[in-house]
Amino acid sequence: MIVYGFINSIILALIALGFSITFGISRVANFAHGAFYVFGGVVTWFFLMKMGLPYVLSAIMAVLIVGIVGGLMYRLLLVRLRGLELSEVITTFAVGIIILELMRSAGIMGFEYRLPSFIPGSTEILGTYVGYQRIFIVITGLLLLAILYLFVHHTKLGLSFRGVAQEDHTALSLGINPDRISMLSVTMGSMICTIAAIVILPLGTISVDEGYDILLKSLAVCIIGGLESATGVIVASFIIGYAEVLTSMYISSTLTMVVPLACMLLILLIRPSGLFGKHKELEERI
Amino acid sequence: MSYFRVENLRKTFGGIVAVNNVSFEVKKGSLVGIIGPNGCGKTTLVNLITGFLKPNSGRIYFKDKDITGMRASKIANKGIGRTFQMVKPFYRLPAFKNIIIPLFSPKVKELGEHYGDKESVALNILEDIGFERDSSVPFKPASVLPHGYLKRLEIARIIALQSELLIFDELYSGLSLAEVASISPIIERFVEDGKTVIMIEHRLKELFRIADKVIVMDQGEIIAEGSPGVIMKNEKVKKAYLGVELKR
Amino acid sequence: MSDTRRKERIDRCIKAVTDDIFCLSSMREMGYLILPRVLPVFIVVMAVILFPLYWKKVMIITCIMGIMAISWDFMASCGLISLGQALYFAMGAYTAGGLNYYLGLPIYLSIPIGTIAGGLLSTILIFPALRLRGIYFSMVTLIIPLMLMRIIEATKIIGGTEGVSGLNSLPGTWPPIIISVTAVWLVLFSMRRLISSDYGLIFVALMDNDRAVEASGLNILWFKVQAIFLGSALCSFCGAFMTHYYMSVGISAFALDLSIFPIAASVIGGMGTLAGPLLGAFILGPLSEALRSFGTFRIVIYSALLVAFIVGLPEGLFHFLRRKYEQIERWTEEK
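Residues numbered from 1 in each chain as written. Chains lettered and ligands numbered in written order. Predicted model: local features only at pLDDT ≥ 70, side-chain atom pairs only at ≥ 80, totals over all residues.

(A) Fine view of the overall build of chain B. Scanning chain B from N- to C-terminus turns up 10 helices and 10 strands. In terms of principal-axis extent, the alpha carbons of chain B reach across some 65 × 40 × 35 Å. In chain B, which comprises 248 residues, the share counted as buried stands at 43%. The contacts in chain B between residues at least 6 apart in sequence include a share of 68% that link residues at least 24 apart. (Helix = DSSP H or I, 4+ residues; strand = E, 2+ residues; numbered from the N terminus. Buried ≥ 20, exposed ≤ 12 C-beta atoms within 10 Å, placed from the backbone. Contact = placed C-beta atoms within 7 Å.)

As structure tokens, then:
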């Protein structure tokens, strides 16, 4: 149980990471996140199954393509709406719906659409059977977190990311172009999202409805953990991850989706800035 | 009986202590200034007093009643009015309608029917405050008014609320000397009318001219209290504002 | 010495005249004011009478969706932007359906009770979120309906995913038409009066600066509750009505479609005016019917239009048209 909880948590963290990066840096809440996730999976599937390219190559192509789509979305649409938070949300949400429902109309449904596991088979850890795929997910997750940490704290681009996140006018006056950085952050967020999709989707089938669920889960993790906080994302993933596993084991597995949503509602009522959030203006509640 | 009293007020945000063990008293009919370098907790203090934030600990008493943690609208109805540092009027509404809003509050309703027709009350207040009567200015949407007028609108809002304790958060910011000179008499008139005023300010010269008492804050704590003359000579205050002199 | 040209907009002569008491001075001036208000009503009523049965039904649905759009715009004008309008619809739908199915109440009871109860239920559900600022509030409005959907699916109450059916229907073909058309115009004109009244001022002010409203001695939580109740009751009416129109209610009452349509209609038609969303609804409604054969692809169309308008013509059609009606643009020279 502990093992499953751990794995589930890392999965959640991976999913939420892309969203958190985009939001944390450019304040763009990319509500098309779920759509990008499924889209990334579908593109990989396309290259893999229909065009017969090797797995790794398909994966890389998918990551790049989704990244470009994300960047384009910013460049063509969002850049005109900068600052109008609401319009940004509605637009990204609409774009997400367009992508998801287009895929649904194109008939992407059913068992046919799945990505094969990288490494079949399983092993035993702490007394429970764990598929190699899941281990791979955990490793990827931890690696990604580590890389991102180093990037954000030690590279020039990473530092400018943080600068824009905190105060984009100041960053502008220092020669950093916030629009470009924001576009990059959306791109990066989409790419991370695709990577997550590629490693996690083999566990099941690619389904369009999952797109909405993914968005909700990412929202839940980010809100509970607090926006702009990497530690928050990790901690929140673990909380929700274990809560979900416990629910499905002891209560009922159909209610697992309710867990992240319920946690999110709870946090919004008690402490809207999240567990580790730094938005103190949210504390003001009238 | 004290008019307004704050005891051991404390507010933290996560790890930051914004207001630390602040206590002071304000006498009825006086004008108290609160000054301090940026980030010392002045606006947080105002938010705590007026109900926009809940303190972690400490008490606030108004006319000997405990108002700690009360809802902001309730505190406003008790007679404490405040202006906001970041002036944001009701943009889409014409200027005079901005003033009608407070006229809906329970407090004003309590004062009785003689208060009159809302529109004319609003226009009268605006005229008192310096808007030219018979011009189209009061009818323009608030979004087109220049800064000086917006500040006056903030004051008008409190007048409409019939507050007896008025708290101004950096009222003079962004105003020219001429504008400050024309607004100061309005503040002084409040005091003459028996109202009590607390002013958070950065423009020290103008404040010191009219204040009875000045409280100085730094890093969330009160470091000095007294009449303007005394404060000007206080070493700690100078250090807080100007920094420490490097010894050669 | 160069002369630069700039565009200026000034009110049309007739607009300036009719702004004041002079609007009563001649038929022309009065016509200018009355025309935009009467013409749409006239067109819709004519359409409803003259169109063949299929399109009559489309008009019914369009009118209902029009009410949803107006309600969204109203709440949005108070700063309460809801991404899950379907929730309010579903609350009314399920209440009316449940009352009819389990208690056998006739429709002239279940619809009104459904409206009020739906409004109350929605308000209670949304209440905890009312303290949140802007975007967080919107997120919660997105989450609650989805959560309820999952819960109903999992616990199978009130028929689970399938829902209940076999409910009483609205008698005949004309009553639904009359009800929906009357309702939509009633709602439009009364909401517009509300917003421009003194009481409505408070709601507008809420959006511009809610802290200032609070500091003016008005309990904004209470006013937000009122706004939500009003808006959600309108949508609950739609839900209750549609339940009896289709004689069944199920999890489709929470459909994403219902949440997106009002937003798309408002953006296309013009937010903030209450009439704009109605215009948007009248455009999107028939359009979506014409595309019915595409199934869920319709949502793609709404969303695509939504994005196109939000980026291209954010003020919406209504503002655009009104500007043309009331102002002229011309190039002037500056020296």
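(B) Seen up close, the interface of chain A and chain C. With 35 residues of chain A at the contact, the number on the chain C side is 35 residues. Counting residues per element, the ones that place at least two in the side of chain A that touches chain C are α4 (85-105), α9 (208-225) and α11 (258-270) of chain A. Considered class by class, the residues forming the side of chain A that touches chain C number 25 nonpolar, 5 polar and 5 charged. (Nonpolar A, V, L, I, M, F, W, Y, C, P; charged D, E, K, R; others polar.)

(C) Summary view of the sheet that holds strand β2 (residues 16-26) of chain B. Residues and elements named next belong to chain B. Taken in spatial order, the 4 strands make up an open sheet running β2-β1-β4-β5, and their pairing is antiparallel. The sheet is open, and its two borders are formed by β2 and β5 (65-66), each paired with just one other strand. Across 5 bridges, the pairing between strand β1 (residues 4-13) and strand β4 (residues 57-62) is antiparallel. When the bridges of β4 are listed, E7 appears paired with R59. In the packing of helix α1 (residues 42-49) onto the sheet, contacts are made with β1, β2 and β4, and the angle to β2 comes to roughly 65°. (Pairing = 2+ DSSP bridges. Axes fitted to C-alpha atoms, helices over the stretch in contact; angles between N-to-C directions.)

(D) Up close: the sheet that holds strand β6 (residues 80-82) of chain B. All names here are of chain B. Read from one edge of the open sheet, 6 strands run β6-β7-β8-β3-β9-β10, paired in mixed fashion. Strands with a single pairing partner mark the edges of an open sheet, and in this sheet they are β6 and β10 (221-226). Adjacent strand axes in the sheet meet at a mean angle of 15°, parallel and antiparallel pairs treated alike. Here strand β9 (residues 213-218) runs beside β10; their pairing, made up of 5 bridges, is antiparallel. Residue pairing in the sheet places I215 in a bridge with E225 of β10. Across the sheet, α1 lies against β3 (31-35), β6, β7 (165-169), β8 (196-200) and β9, angled at about 150° from β7, the strand it touches most.

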